[in-house]
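Commentary on secondary and tertiary structure
The residues making up each chain are set out below.
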Amino acid sequence: MMRQIFLDTETTGFDFKSGHRIIEFGAVEMIDRKLTGNNLHFYFKPDIEVEAGALQVHGLSNDFLADKPLFSDKIDDIMAYLGQSELIIHNAGFDVPFLNWELQLLSPNKWGALEQHCHIIDSLIMAREKHPGQKNSLDALCSRYGVNNKHRTLHGALLDAEILADVYLMMTGGQLDLFSLMTPAAEDNNNTDNLTKGHTSTSTNQALNLVDLLALKPQCDAHDDYLKLLDKKSKDQTLWRRL
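The structure reproduced in this document is the subject of the present report. (Residues numbered from 1 in each chain as written. Predicted model: local features only at pLDDT ≥ 70, side-chain atom pairs only at ≥ 80, totals over all residues. Heavy atoms only, no water.)

1. Comments concerning the pattern of salt bridges
Heads up, the condition is: A side-chain nitrogen of Lys or Arg and a carboxyl oxygen of Asp or Glu constitute a salt bridge if their distance falls within 4 Å. For the purposes of this entry, the term helix denotes a DSSP run of H or I that reaches at least four residues, the term strand denotes a run of E that reaches at least two, and both are numbered from the N terminus. Exposure categories follow from relative accessible area, calculated using a 1.4 Å probe and restricted to protein chains: below 20% of the type maximum is buried, above 50% is exposed, and the middle band is partly exposed.
Counted under the stated rule, the structure contains five salt bridges. Between D47 and R21 there is a salt bridge, and its shortest N-O distance comes to 3.1 Å. Residue D47 is located in the loop between β4 (40-43) and α1 (52-58), and its partner R21 is located in the loop between β1 (3-11) and β2 (22-31); the two are separated by 26 residues in the primary sequence. Judged by its relative accessible area of 64%, D47 falls in the exposed class. Look at R21 and you get buried, because its relative accessible area is 15%. The partner of E102 in a salt bridge is R21, and the shortest N-O contact between them spans 2.8 Å. Here E102, found in helix α4 (residues 92-105), pairs with R21, found in the loop between β1 and β2; they are 81 residues apart in sequence, far enough to count as distant. Under the relative-accessibility criterion, E102 is labelled buried at 1%.

Structure representation (structure tokens):
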């Protein structure tokens, strides 16, 4: 079972070294490439004023946050939820230091650093490697992959985590190399004969890099889920369905 968590935060400002704090935490759970609905979302009351620039980004004012819990009140819930998972964060270089800053402020700090509990993947780095020289903000990726983000008028931790999950599924969908599956090794004439007769031997499977699809049913199900996502985004115009 592969458990992945898509995570985002909103903060009072842009530099934790200046004492800024996390004021919103949003996380979305995916197991075996299927969203479970088991999400986690909190707002937090900070001990510092929300900067004007940050307020323009997320719209979370100190008045709105005044009756919310402290980050320290919810840290046990957060760490229990995140533990032993793969975290996918867009621009993890921003969120992870903020989360570690909050952990350091705890007295005592019984958790240590976030990296001790989770494997962290930065989807921004993934996008830059996949689309070098292009814009790779979350909005840009939504446009590139046809993910609907019209309801995203302001940044929001849970909303952005949900959008990131959709983008990640599109970005990592991939396709099989069908040519390599259909082309036998040139020196293996026996394997070619077997293919002509409509069956393959074990050695043929190895030569062709074939896989037993029955044994990989979870992957097939995940592929079907991916096609359904494409159907949704393309309004039932998925090219794969026409082949």
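2. Some remarks on the nonpolar core
Side chains that are nonpolar tend, in soluble globular proteins, to be buried together. Using the following cut-off: Nonpolar cores were defined as sets of buried Ala, Val, Leu, Ile, Met, Phe, Trp, Tyr and Cys residues, with membership established by side-chain atoms within 4.5 Å. Contact definition: two residues touch when any of their heavy atoms are within 4.5 Å.
F6, I88, Y145, V147, I163, V167 and M170 are the most contacted members of the largest nonpolar core, which has 25 residues in total. Sorting the residues of this core by element identifies β2, α6 (138-145), α7 (157-171) and α11 (217-234) as the ones contributing at least two each. For this core, the element with the most residues is α7, which contributes 10 residues. Those residues in contact with Y145 that lie beyond four places of it in its chain are K130, H131, M170 and M171. Membership of the second largest hydrophobic core comes to 24 residues, among which are I78, M79, L87 and L106.

3. Describing the pairing of β4
For clarity, the threshold we go by: The pairing criterion for strands is at least two bridges between them, as found by DSSP.
Because side chains alternate across β4, one face comprises the buried residues L40 and F42, and the other comprises H41 and Y43, none of which is buried. Across four bridges, β2 lies against β4 in antiparallel orientation. Of the residues in β4, the one forming a bridge with G26 is H41.

4. Notes on the environment of M1
When you line up the elements, M1 lands in the segment before β1. The spatial distance from the C-alpha of M1 to the C-alpha of D32 is 6.1 Å, given a sequence separation of 31 residues. Excluding residues within four positions of it along the chain, M1 makes contact with I31 and D32.

5. Looking at the side chain of T12
Rule in force here: Pairs of N or O atoms are called polar contacts if they sit within 3.5 Å, as long as, within protein, a hydrogen donor faces a hydrogen acceptor (for residues adjacent in sequence, only side-chain-to-side-chain pairs).
Looking at where T12 falls in the secondary structure, it is placed in the loop between β1 and β2. Classification of T12 as buried rests on a relative accessible area of 0%. A distance of 2.8 Å separates a polar atom in the side chain of T12 from a polar atom in the side chain of H20. Setting aside its immediate chain neighbours within four residues, T12 contacts H20, R21, I23, P46, I48, E49, V50, E51 and A54.

6. With respect to the pairing of β2
With nine of 10 residues buried, β2 is to be regarded as a mostly interior element. Bridge count between β1 and β2: nine bridges; the pairing is antiparallel. For L7, the partnering residue across the bridge sits in β2 and is A27. Two elements, β2 and strand β3 (residues 34-35), share two bridges in a ladder whose sense is antiparallel. Of the residues in β3, the one forming a bridge with M30 is L35. A loop of two residues connects β2 with β3, the two strands running antiparallel in sequence, and D32 in this loop sits at a positive phi of about 50°.

7. Describing empty space enclosed by the protein
With a probe scaled to a water molecule rolled over the atoms, the places where space remains empty come into view. So the rule is basically this: Lining residues are those with an atom within 4 Å of a point, where the points come from a 1 Å grid over the protein atoms alone and group into cavities, where a 1.4 Å probe fits but cannot get out, or pockets, open sets with protein on both sides within 12 Å along at least five of seven lines. Grid points are joined across faces, edges and corners, and a volume is the space filled by probe spheres set on the points.
Going through the model one piece at a time under the given rule, you end up with one cavity of 30 Å³ or more. For the largest cavity, the full set of lining residues is F71, I75, I78, M79, L82, L99, L103 and L114. Sorting the residues of the lining of the largest cavity by element identifies α3 (71-82) and α4 as the ones contributing at least two each. Looking at which element gives the most residues to the lining of the largest cavity, the answer is α3, with five residues.

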